[in-house]
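# Chains, contacts and geometry: an overview
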Amino acid sequence: MDSSLPATQICCPVGDSPCVFTQELQQLRDEVSLLKEQVRTDALTGLYNFRFFSDTLPLEMERSRRSFQALSLIVLDIDHFKKFNDTWGHELGNQVLMLVANLISLTIRKLDYACRFGGEEFVVLLPNTDLRQAKNVAERVREAIQNTPLVHGDNSLSVTVSLGVDEFRANHSDTPDGFIERVDALLYQAKRDGRNCVRSPIIDATPIQTTVTPDEKDALFGLFGGENDIST
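Attention in this report is confined to the structure presented alongside it. Because the structure is a prediction, the values reported are computed rather than measured. (Residues numbered from 1 in each chain as written. Predicted model: local features only at pLDDT ≥ 70, side-chain atom pairs only at ≥ 80, totals over all residues. Heavy atoms only, no water.)

Bringing the packing of aromatic side chains into the picture now. All told, the structure shown has six aromatic pairs when counted by the stated rule. A ring pair is formed by Tyr 48 and Tyr 113, whose centres lie 6.0 Å apart and whose planes are at 55°; its orientation type is tilted. A residue pair is termed long-range when its members are at least 10 positions apart, and Tyr 48 in the loop between α1 (20-40) and α2 (50-67) and Tyr 113 in strand β2 (residues 113-118) qualify at 65 residues. Aromatic side chains Phe 52 and Tyr 113 sit 5.8 Å apart centroid to centroid with 50° between the ring planes, which places their arrangement in the tilted category. One end of the pair, Phe 52, is in helix α2; the other, Tyr 113, is in strand β2, with 61 residues separating them in the sequence. Residue classification places Phe 52 among the buried residues on the basis of a relative accessible area of 13%. A connected cluster of aromatic rings, assembled from ring pairs, spans Tyr 48, Phe 52 and Tyr 113. (Phe/Tyr/Trp six-rings, centres within 6.5 Å; stacked < 30°, edge-to-face > 60°. Helix = DSSP H or I, 4+ residues; strand = E, 2+ residues; numbered from the N terminus. Buried < 20%, exposed > 50% of the residue type's maximum accessible area, 1.4 Å probe, protein only.)

Here we take up the sheet that holds strand β1 (residues 71-78). Read across the sheet, five strands follow the order β2-β3-β1-β6-β7 without closing on themselves; strand pairing throughout is mixed. Both outer strands of the open sheet, β2 and β7 (198-199), are each paired with one neighbouring strand and no more. For strand β6 (residues 161-168) and β7, the ladder comprises two bridges, and the chain directions are parallel. Along β7, the bridge assignment pairs Leu 163 with Val 198. The strands that α2 touches are β1, β2, β3 (121-126) and β6; relative to β2, the one it contacts most, it runs at about 130°. Docked against the sheet, helix α6 (residues 176-192) engages β1, β2, β3, β6 and β7, running at close to 145° with respect to β6. (Pairing = 2+ DSSP bridges. Contact = heavy atoms within 4.5 Å. Axes fitted to C-alpha atoms, helices over the stretch in contact; angles between N-to-C directions.)

This part takes up the environment of Thr 129. In this fold, Thr 129 is placed in the loop between β3 and α5 (131-146). Its relative accessible area of 2% is what places Thr 129 among the buried residues. A C-alpha to C-alpha distance of 5.8 Å links Thr 129 and Ser 72, two positions 57 residues apart in sequence. Leave out the neighbours within four places in its chain, and Thr 129 touches Ala 70, Leu 71, Ser 72, Arg 109 and Ala 134. A distance of 2.7 Å separates polar atoms of two side chains, one belonging to Thr 129 and the other to Arg 109. (Polar contact = N/O pair within 3.5 Å; in protein donor to acceptor, adjacent residues only side chain to side chain.)

Listed below in structure tokens is the structure:
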């Protein structure tokens, strides 16, 4: 029996219609698909889990090396998360986690990977994205979370996150763990700088020439037949 065929296209071995064997086969396939999804998905938030991220990061770094396209990573942590649990209970803490996860999902692209890294920490892997673009994404995530309070009864609870972001390029020698540590250090810098902010390496601005050389002046005047020919 060809397992690659849909169950509906497999002939019943006993000629029954409907066939109990094809129905059971389809049920088994559905269960296997569900198990595969559960293995790589965080049950609470619906994002990818740590295991999926650990498997995917080395693959994306290798893809970046081969394609010479930048790969960026955002690491974010919910500010004062322990206070939510201590003040309102763990159920509300779970609601905060789900709120943040949903807002991350709504902000990033379909080709990006949002994962729950552990506890109140999340990571976002952005293929084909340089540091400047990734920093803009991180700011959009931060603003979305800051501007979406969690409503709990009569209370409107403010939620903020701190974020670190950096890029990986083909000429970098980072291991996956080294890349994570590099971005994690920027996250803790954001924490030290007061939270609810994004920290990244300084992005070098491309120098722009603002002066005109004498030769360029002569060439420009030549276009008009010389300086003395310009009417006043």
